[in-house]
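# Understanding the architecture of this molecule
Each chain, letter by letter, is given below.
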Amino acid sequence: MPMQATEFKQLFLPCHRRLFSVAYRLAGNVQTAEDMVQETFLRLWTQRDKIGNPDNPEAYSVTVLRRLFYDRMRTARLPEVDKDVGVLQAASSQDLGRQIEDRNECELARRMIIRLPDPQGRVMLMRDVEGRSFEEISRETGLTEVNIRSILSRARKKIREQIKTMRHDKD
């Protein structure tokens, strides 16, 4: 028997705050995070007959959200970036300039990570951006923790090389 709307709401709506938190960390802006959460709920709703009754609806929905994000990244290869300066609150124009610079550097690093080949980019996002444990990454990717550490090391090395090249080009 298909899952009814009330049952769906009871299972998944309490997950909204956690979904938004994960989506915001991944996307880096409010609008994209909200879109990702809505897309996750839509995916969960359309797949509700296949889902059944998951043991941990929050973990299940976060996994769906992450997969949607990584699929979007694979197809777009560039994240949607919100340059909403209104979000930045500064006491002075100097602070504002520093915050904008910091935000641009973070976005540049995120773009470099996303451009890494799979699984390097995915593993680096999960570990360095989301702060997930090696055990969590292993469960989601099916890779061993030794493989994850090796992949992460290669990914970080590539990012360092890209940064070094950019600095050299600037000079």
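Quantities reported herein were computed from a predicted structural model and do not represent experimental measurements.

## Observations regarding the pattern of salt bridges
Under the definition given, this model contains four salt bridges. Residue Glu58 is joined to Arg18 by a salt bridge in which the shortest nitrogen-to-oxygen separation is 3.9 Å. One end of the pair, Glu58, is in helix α5 (residues 57–76); the other, Arg18, is in helix α2 (residues 16–27), and 40 residues separate them in sequence. Residue Glu58 is classed as partly exposed on the basis of its relative accessible area, which comes to 34%.

## Here we look at the packing of α2 against helix α3 (residues 30–46)
Where α2 contacts α3, the two axes come as close as 8 Å, and the packing angle between them is 130°. Judged on the interaxial angle alone, α3 and α2 are oblique. Between α2 and α3 the crossing geometry is right-handed. In this structure, α2 uses His16, Leu19, Phe20, Ala23, Tyr24, Leu26 and Ala27 to contact α3, whose residues at the interface are Val30, Thr32, Ala33, Glu34, Met36, Val37, Thr40 and Phe41. Residues that form the contact of α2 with α3 fall into these classes: eleven nonpolar, three polar and one charged.

## Section: the confidence of the model for the chain
Chain-level pLDDT for the chain is 78 on average; 77% of the residues reach the 70-or-more range. This stretch, residues 78–93, has a pLDDT under 50; its non-local contacts, to residues over four places away or in other chains, come to 31 contacts.

About the thresholds
- Residues numbered from 1 in each chain as written.
- Predicted model: local features only at pLDDT ≥ 70, side-chain atom pairs only at ≥ 80, totals over all residues.
- Heavy atoms only, no water.
- Salt bridge = Lys/Arg side-chain N within 4 Å of Asp/Glu carboxyl O.
- Helix = DSSP H or I, 4+ residues; strand = E, 2+ residues; numbered from the N terminus.
- Buried < 20%, exposed > 50% of the residue type's maximum accessible area, 1.4 Å probe, protein only.
- Axes fitted to C-alpha atoms, helices over the stretch in contact; angles between N-to-C directions.
- Parallel < 35°, antiparallel > 145°, perpendicular 65-115°, else oblique.
- Left-handed = near helix turned anticlockwise from the far one by under 90°.
- Contact = heavy atoms within 4.5 Å.
- Nonpolar A, V, L, I, M, F, W, Y, C, P; charged D, E, K, R; others polar.
- pLDDT = per-residue confidence, 0-100.

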